[in-house]
Amino acid sequence: MTLNLCVLTPNRIVWDSEVKEIILCTNSGQIGVLPNHAPIATAVDIGILRIRRNDQWLTMALMGGFARIGNNEITILVNDAEKGSDIDPQEAQQTLEIAEANLSKAEGKRKTIEANLALRRARTRVEAINIIA
Amino acid sequence: MSCSNLTMLVSSKPSLSDASNLSFRSVLNPFQLPSQNSSSSATTPSRSLISPLQCGLRELRTRIDSVKNTQKITEAMKLVAAAKVRRAQEAVVNGRPFSQTLVEVLYNINEQLQTDDVDVPLTKARPVKKVALVVCTGDRGLCGGYNNAILKKAEARIAELKTLGLDYTVISVGKKGNTYFLRRPYIPVDKFLEGGTLPTAKEAQTIADDTFSLFVSEEVDKVELLYTKFVSLVKSQPVIHTLLPLSPKGEICDINGVCVDAADDEFFRLTTKEGKLTVERDAVRTKTADFSPILQFEQDPVQILDALLPLYLNSQILRALQESLASELAARMSAMSNASENASELKKNLSTVYNRQRQAKITGEILEIVAGANALE
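Naming follows an unreviewed UniProt entry, where chain B appears as ATP synthase gamma chain of Lupinus albus. Entered under Subcellular location (unreviewed entry) in the UniProt record, the comment concerning chain B runs "Plastid, Chloroplast thylakoid membrane". Of chain B, the UniProt comment under Sequence similarities (unreviewed entry) reads exactly: "Belongs to the ATPase gamma chain family."

The name given to chain A in an unreviewed UniProt entry is ATP synthase epsilon chain, chloroplastic, with the source organism recorded as Lupinus albus. Under Function (unreviewed entry), UniProt gives the following word-for-word description of chain A: "Produces ATP from ADP in the presence of a proton gradient across the membrane." Taken from UniProt, the Subunit (unreviewed entry) comment for chain A reads in full: "F-type ATPases have 2 components, CF(1) - the catalytic core - and CF(0) - the membrane proton channel. CF(1) has five subunits: alpha(3), beta(3), gamma(1), delta(1), epsilon(1). CF(0) has three main subunits: a, b and c."

Engineer: Any chance you could explain the overall build of chain B here in plain terms?
Structural biologist: Counting its regular elements, chain B contains eight helices and 10 strands. A sequence separation of at least 24 residues applies to 74% of the contacts in chain B between residues at least 6 apart.

Engineer: I would appreciate a short explanation of the overall build of chain A in the present structure.
Structural biologist: What chain A contains, in helices and strands, is two helices and eight strands. Along chain A, helices and strands appear, N-terminal first, in the series β-β-β-β-β-β-β-β-α-α. Rg of the C-alpha trace for chain A: 16 Å, near the compact-globule value of 14 Å for 133 residues, within the 12% margin. Taken over the C-alpha atoms alone, chain A extends approximately 50 × 30 × 25 Å along its principal axes. When burial is assessed residue by residue, chain A has 38% of its 133 residues classed as buried.

Engineer: Any chance you could explain the UniProt feature "domain: ATP synthase epsilon subunit C-terminal" (unreviewed entry) in chain A here in plain terms?
Structural biologist: Those residues carrying the UniProt feature "domain: ATP synthase epsilon subunit C-terminal" (unreviewed entry) are residues 86-129 of chain A in this numbering. With 89% helix and 0% strand, the stretch residues 86-129 of chain A has end C-alpha atoms that lie 9 Å from each other.

Engineer: Looking at this structure, I do not really get the environment of glutamate 160 of chain B. What am I missing?
Structural biologist: For glutamate 160 of chain B, the position within the fold is in helix H5 (residues 146-163). For the pair glutamate 160 of chain B and leucine 226 of chain B, spaced 66 residues apart in sequence, the C-alpha to C-alpha distance is 14 Å.

Engineer: Can you walk me through the interface of chain B and chain A in this structure?
Structural biologist: Frequently, the measure chosen for interface size is the accessible area that the parts lose on association. Tallying the contact residues gives 34 residues for chain B and 31 residues for chain A. Mapped onto the side of chain B that touches chain A, the elements with two or more residues apiece are helix H3 (36-94), helix H4 (96-113), helix H7 (201-216), strand E10 (296-297) and helix H8 (301-376) of chain B. Among the elements that take part in the side of chain B that touches chain A, H8 of chain B stands out by supplying nine residues, more than any other. Of the residues in the side of chain B that touches chain A, the class split is 17 nonpolar, 13 polar and four charged. Here strand E5 (residues 40-53) of chain A pairs with E10 of chain B via two bridges, running parallel. Bridge pairing in E10 of chain B places isoleucine 40 of chain A opposite glutamine 296 of chain B.

Engineer: Just to check I follow, could you spell out the nonpolar core for this structure?
Structural biologist: The nonpolar side chains of a soluble globular protein tend to be buried, and buried together. Within the largest apolar cluster, 97 residues are counted, with the highest numbers of intra-cluster contacts made by Val44 and Phe66 of chain A together with Val134 and Leu308 of chain B. A total of 20 residues in this core trace back to one element, the largest contributor, which is H8 of chain B. When residues no more than four places from it in sequence are discounted, the contact partners of leucine 308 of chain B are Phe66 of chain A together with Val105, Leu106 and Ile109 of chain B.

Engineer: Just to check I follow, could you spell out the domain arrangement of chain A for this structure?
Structural biologist: Residue and element names in this part refer to chain A. Segmenting chain A into domains produces domain 1 (3-84) and domain 2 (87-132). A straight line from the C-alpha centre of domain 1 to that of domain 2 covers 22 Å. Elements represented by at least two residues in the side of domain 1 that touches domain 2 include exactly E5 and strand E6 (56-70). Element by element, the count of residues in the side of domain 1 that touches domain 2 is highest for E6, at four residues. A class-by-class count of the residues in the side of domain 1 that touches domain 2 yields five nonpolar, three polar and one charged.

Engineer: For this particular structure, what's the right way to read the UniProt feature "domain: ATP synthase F1 complex delta/epsilon subunit N-terminal" (unreviewed entry) in chain A?
Structural biologist: Within this numbering scheme, the UniProt entry marks residues 3-81 of chain A as carrying the feature "domain: ATP synthase F1 complex delta/epsilon subunit N-terminal" (unreviewed entry). Along residues 3-81 of chain A one finds 0% helix and 78% strand; the C-alpha atoms at either end are 20 Å apart.

Engineer: Could you clarify how one ought to interpret the sheet that holds strand E4 (residues 222-230) of chain B in this entry?
Structural biologist: Backbone hydrogen bonds hold the strands of a sheet together, and the pairing may be parallel or antiparallel. All names here are of chain B. In space, the five strands of this open sheet follow the order E3-E2-E1-E4-E5, with mixed pairing throughout. Across the chains shown, the open sheet's two edge strands, defined by having one partner strand only, are strand E3 (189-193) and strand E5 (236-244). Each strand of the sheet is rotated relative to its neighbour by a mean of 20°, with strand direction disregarded. With five bridges connecting them, strand E1 (residues 130-136) and E4 associate as parallel partners. Bridging across to E4, alanine 132 finds its partner in valine 223. Of the strands in this sheet, E1, strand E2 (167-173), E3, E4 and E5 are in contact with H7, which crosses E1 at around 175°.

Engineer: What exactly am I supposed to notice about the environment of valine 353 of chain B here?
Structural biologist: Residue and element names in this part refer to chain B. Within the element layout of this structure, valine 353 appears in helix H8. Judged by local crowding, valine 353 falls into the partly exposed class, with 14 C-beta atoms found within 10 Å. On a C-alpha basis, the gap between valine 353 and serine 236 in space is 39 Å, while along the polypeptide they are 117 residues apart.

Engineer: Looking at this structure, I do not really get the pairing of strand E3 (residues 21-26) of chain A. What am I missing?
Structural biologist: Looking along a regular strand, one sees side chains alternate from face to face of the sheet. Residue and element names in this part refer to chain A. As defined by bridge partners, E3 adjoins E5 across four bridges and the pair is classed as antiparallel. Within the sheet, the bridge partner assigned to threonine 26 lies in E5 and is valine 44. Two elements, E3 and strand E4 (residues 29-33), share five bridges in a ladder whose sense is antiparallel. Across the sheet, the residue bridging to isoleucine 22 is valine 33, located in E4. Between the end of E3 and the start of E4, which pair antiparallel, lie two residues.

Engineer: I'm lost on H5 of chain B in this one. Help?
Structural biologist: Each turn of an α-helix holds 3.6 residues, which means side chains three or four residues apart point in the same direction. All names here are of chain B. Compared with an ideal rise of 1.5 Å per residue, which puts 18 residues at 26 Å, H5 spans 26 Å between its outermost C-alpha atoms and is within 8% of the ideal. Looking at H5, one finds that the buried residues are Tyr146, Asn147, Ile150, Leu151, Ala154 and Arg157. Taken around the axis of H5, the buried residues stretch over an arc of 120°, which confines them to a single face. Exposed residues lying more than 90 degrees from the buried face of H5 are Lys152, Ala156, Ala159, Lys162 and Thr163. On its buried side, H5 packs onto E1, helix H6 (175-182), E4, E5 and H8.

Conventions we followed
- Residues numbered from 1 in each chain as written.
- Chains lettered and ligands numbered in written order.
- Predicted model: local features only at pLDDT ≥ 70, side-chain atom pairs only at ≥ 80, totals over all residues.
- UniProt positions renumbered as here; feature names shortened; annotations may be inferred.
- Helix = DSSP H or I, 4+ residues; strand = E, 2+ residues; numbered from the N terminus.
- Contact = placed C-beta atoms within 7 Å.
- Rg over C-alpha atoms; globule rule 2.2 N^0.38 Å.
- Buried ≥ 20, exposed ≤ 12 C-beta atoms within 10 Å, placed from the backbone.
- Nonpolar A, V, L, I, M, F, W, Y, C, P; charged D, E, K, R; others polar.
- Pairing = 2+ DSSP bridges.
- Core = buried A, V, L, I, M, F, W, Y, C linked by C-beta atoms within 7 Å.
- Domains from an automatic or database assignment.
- Axes fitted to C-alpha atoms, helices over the stretch in contact; angles between N-to-C directions.
- Expected span 1.5 Å × (residues − 1).
- Arc of directions from axis to C-beta.

Laid out in structure tokens, this is it:
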């Protein structure tokens, strides 16, 4: 039985092919999906998606969204997705540092919300690279 | 003998303002100089007519050249805009699988949540005290009334809010809007954002983040999106859409409270018909039959809705940006094609005048030669 994964962002299709297994970051923790998984719908947190393709693990940074699993079809809708291999490590590290600095400077409810979101995104991108290494 | 004959010829037709006569006389002037005292009062007005005419030919030529250059530029801009419209259309098509799936899922979850009383921050309708207006303008001019139309709409909306006694703030997207609001410091602007050449999810995300934090932190109670709806290549319409609070049914309402059902999504498509660009709009009624009825929710349905609605917000903003861009390019295309038409007409008129004057000058020269030959006989 084959499992098909489809990762969609508002402006393009990031991934649309067969996989063996994936590990997904949901709002209630990580879940692994193998073929013939029960149909579920889940919210996807800002975090890492790990994809196994013939004993090879790939990582992808997901920026929050939604996943639908059923009938051996996984559809993930996210705001933005980046393959770990496509992220520039230096740039990601810098962004993380800037985000950390911004959070410590943030005042007021609104600024804190913004800074927190930015920090989580930056951290995920850095993590996506580090898992490969 | 010859000299007196010529002066007689001139004085006999002083009232003629024919071009041939004028150029003829200008050549005659040096001959006339010694005996000018008597007829000076008669010749001065005609002499003032001579000089613009003599330069007229050269001036006309430079004018024709400059019109030609302008026409080339407007023609090129028109072609560039046409090519870009096609790219904008591609971007819409690329975003289609996403928005289609999203609408499908949202629709289904709403079906299941219809009975529940959902409480999601983005859907919370509070009594409105302050409204945020997201105004999408273009980055460049030369596109007819496109930027003006949307800014006028914004001004009208601001005036409306003022009469209602509501507070407001503006989030300006696009360079034209930025300069407009910077010149009017009495309008409170929350943020200036740049549009960029092709709107991507990143730009939409920036706007979404901003509106999201404004709304969740309860600084504003309503977010409205002002953009230009792409109706066809020759028609676009500035519209107002309420972005937040999102109705949990996945509906967006315009300012009159008329609901636009998200499940009935419209996409515009450019096609060529008989060699001309035309626009097709097709409403996509999403099929929902393939959605498994035994689907389980991993989390609380409310949490899932919480994850879905920001996505929906983003895709709405992205779509608005894409439509605005398409409208801008279409407006530029028609403005530039009008400009090219005007230029070619102006060129035609100028060339006619130029040719006439040139012919008049030649006729004058021939007359002069003939008259000279006659005088010698």
